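Summary of the model geometry
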Amino acid sequence: MKSFIIRKLHHSLTVIPALLLTACGWMEKMNTSTDSSNDHDHTHLKSGLIDPADIGTKEAVYQCSMHPNVIDDQPGSCPICGMYLQPVEPIQAEGIPGRAPVKLTNLQEQLINIRTASVENRSVSLSIRAPGVIEHDQSRVFTVSAWTAGRIEKLHVDEEEADIRKGDPLYSIYSPILYAAMQEYIDLRKGLFHEADLLESARIRMKQLGLSEEQIEDLHETDKAPVVIDIPSPVSGKVMTKRIREGDYVEEGDSLYTVIDLSRLWLMTEIYEFELPFISPGQQIVATTPAAPNVQFFGTISLVNHHIDPSTRTARLRVLFDDPKQIMTRSVGSDGRIHHEHRLLPDMWMTVHIKKDLGTRLVIPRSAVFDTGSTQYVFVQEKKGLFVPKVIKIGPVTETGVVVEEGLETGQRVVTDGTFLLDSESQLKATASAAVSAAPWDADMAVDDSRDAHPLPSEGEIGAKQ
């Protein structure tokens, strides 16, 4: 029972606007018309969205409101439903295929809440909003390998997630090969003949075994090479993976650490293919994240992928964040190590905001546009009470309106509210116009207007049936 009441209420709410529109026209015409008899001695009501005074006597045709295909050049009744045929007003304006111009009175405009807006020529910007995920800058991921074979005597960086700087000691190693190279260099310097070529060759060999310039210079102050020596880090960043322990014996080329420089990050996002014309490398963007409320992060588009995902119809976009000051804060702990507090981290969600200035363009409200997929049109107010459908070509849809490429001019007024009922009436009038242009209603098929379309049975007939 409850669902039945809801369905009835929904039906009533759908029909009420149409009934109000028809009743309004009927009341206006009743106030201006007088009862008269036609050739068939019938009275015809001048109702609907028509002004009888504007109908030409030679071009006047009459149509059934319920069956638009019923057209006659004389007043009468519909042979299908018995309703009085209504005069159809010829309007001196051109419509579009499937839509005809509509003329309304002041009261009718108020009933269906017709509102219009002016076509404006103003500065327009397009905003694109898309979700994204932070990733490592793949060019800033480093693998620290063993320079030479040896035994790990001590680990200076013995945990993951530690921040290191270039030159900081990673581990101490005993390596016979490295020890022999250092001692050879010392002996060459202490020898009677300082062969420059031999010294340079020995120096290059020690660099290839992992020593820094400072460590090589320290050998000038000693006569004996150290047995165990620290190996400095060749890069700065955060240790993400540690693969060694104290006491391990490593071979040349073994992977010991993975270090990532988080002072540069990528933001990967996706945009739709129709947004690609407004995106280009080097363009500035703004990104936000719930992890840092009310903070804006500024980046640069570094790559637009030239491949469309066939399942999502999107292209991947890469944004580069290369300002360490906005990515992280830096501090030095009591142990002398550097500690970074990262505001942006890999796999963190962000929202990308891309803004593109489109210059000065014609703009109308979004609610004014009817989009059928292949055609876009609006209703233009040509004069008071006359609304004419016009095909337009639209451009980008912005937050404030729709850019119009063709079809409208500055200063014209388009309908923004009440468009649904106006479009319905336009379709009805277009159907009637098509029927009139095809052929008038055949008079031989019309019912005899000398009697009612649906005569009631007499009392005698009712009694006889009982």
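Here's what I pulled together on the structure shown here. Keep in mind it's a predicted model, so treat the numbers as computed, not measured. (Residues numbered from 1 in each chain as written. Predicted model: local features only at pLDDT ≥ 70, side-chain atom pairs only at ≥ 80, totals over all residues. Heavy atoms only, no water.)

1. Observations regarding the sheet that holds strand 10 (residues 169–174)
Strands in a sheet are paired, the pairing made by backbone hydrogen bonds, and the direction either parallel or antiparallel. The condition that has to hold: Should DSSP find at least two bridges between two strands, the strands are regarded as paired. A helix here means a DSSP run of H or I that spans at least four residues, while a strand means a run of E at least two residues long, and both kinds are numbered starting from the N terminus.
Here we have 4 strands laid out as an open sheet, ordered 11-10-8-13, and antiparallel in their pairing. Only two strands of the sheet have a single partner each, and these edge strands are strand 11 (228–232) and strand 13 (249–250). Of the strand pairs in this sheet, strand 8 (residues 150–155) and strand 13 are connected by 2 bridges, and their pairing is antiparallel. Pairing of Arg151 across the sheet is with Tyr249, part of strand 13.

2. A closer look at helix 3 (residues 176–190)
Here is the rule: Each residue after the first adds 1.5 Å to the expected span of a helix. Categorising residues by exposure relies on relative accessible area from a 1.4 Å probe, with only protein chains included: less than 20% of the type maximum marks a residue as buried, more than 50% marks it as exposed, and the intermediate range marks it as partly exposed. Contact definition: two residues touch when any of their heavy atoms are within 4.5 Å.
With 15 residues, helix 3 extends 21 Å from end C-alpha to end C-alpha; this agrees with the ideal 21 Å at 1.5 Å per step. Among the residues of helix 3, Leu178, Ala181, Met182, Gln183, Tyr185 and Ile186 are the ones counted as buried. On its buried face, helix 3 is in contact with helix 4 (196–208), helix 5 (213–218) and strand 11.

3. Describing the packing of aromatic side chains
Heads up, the rule is: A pair of Phe, Tyr and Trp rings is counted when the ring centres sit within 6.5 Å of each other, with Trp represented by its six-membered ring. The angle between the planes then sorts it: under 30 degrees is stacked, over 60 is edge-to-face, the rest tilted. Should the NZ of a Lys or the CZ of an Arg lie within 6 Å of a ring centre and within 35 degrees of the ring normal, that charge is described as sitting over the ring.
The tally for this structure, following the rule as stated, stands at 4 aromatic pairs. Between Tyr272 and Phe274, the ring centres sit 5.8 Å apart and the planes meet at 5 degrees, which makes this aromatic pair stacked. Looking at Tyr272, the relative accessible area reads 44%, which means it is partly exposed. The exposure class of Phe274 is exposed, given its relative accessible area of 59%. Over the face of the ring belonging to Trp266 we find Arg318, whose NZ or CZ atom lies 4.2 Å from the ring centre.

4. So, the environment of Arg366
Of note, Arg366 is situated in the loop between strand 21 (349–364) and strand 22 (370–371). Once the C-alpha coordinates of Arg366 and Glu399 are considered, the two residues, 33 residues apart in sequence, prove to be 9.0 Å apart. With sequence-adjacent residues up to four places away left out, Arg366 is seen in contact with Val397, Thr398, Gly401 and Val402.

5. Quick notes on the environment of Ile285
Mapped onto the secondary structure, Ile285 falls in strand 16 (residues 284–288). Judged by its relative accessible area of 1%, Ile285 falls in the buried class. Filtering out sequence-adjacent residues up to four positions away, Ile285 remains in contact with Phe297, Phe298, Gly299, Ile301, Val319, Val352, His353 and Ile354.

6. Here's the deal with the nonpolar core
Condition: For the purposes of this section, nonpolar cores are sets of buried Ala, Val, Leu, Ile, Met, Phe, Trp, Tyr and Cys residues that join through side-chain atoms within 4.5 Å.
Within the largest apolar cluster, 32 residues are counted, with the highest numbers of intra-cluster contacts made by Tyr171, Met182, Met206, Ile244 and Tyr257. Looking at this core, the elements with two or more residues in it are strand 8, strand 10, helix 3, helix 4, strand 11 and strand 14 (255–260). The biggest single contributor to this core is helix 3, with 5 residues. Within the second largest apolar cluster, 29 residues are counted, among which are Val124, Ala292, Met348 and Val352.

7. Side note on the sheet that holds strand 1 (residues 61–63)
Read across the sheet, 3 strands follow the order 2-1-3 without closing on themselves; strand pairing throughout is antiparallel. Two strands in the sheet have a free side with no partner beyond their single neighbour: strand 2 (71–72) and strand 3 (86–88). As defined by bridge partners, strand 1 adjoins strand 3 across 3 bridges and the pair is classed as antiparallel. Residue Val61 lies in a different strand from strand 3, and its bridge partner there is Val88.

8. Concerning helix 4
Because each turn of an α-helix spans 3.6 residues, side chains separated by three or four positions in sequence point in the same direction. Counted only if it meets this: Note that the arc is computed from the directions linking the helix axis to the C-beta atoms.
Here helix 4 contains 13 residues, and its C-alpha end-to-end distance of 19 Å stays within 8% of the 18 Å for a straight helix at 1.5 Å per residue. Along helix 4, the positions that sit buried rather than exposed are Leu199, Ala202, Arg203 and Met206. For helix 4, the buried positions fall inside an angular range of 100 degrees around the axis, keeping them on one side. Exposed side chains of helix 4 directed beyond 90 degrees from the buried face belong to Asp197 and Gln208. Those residues of helix 4 that are buried are in contact with helix 3 and helix 5.

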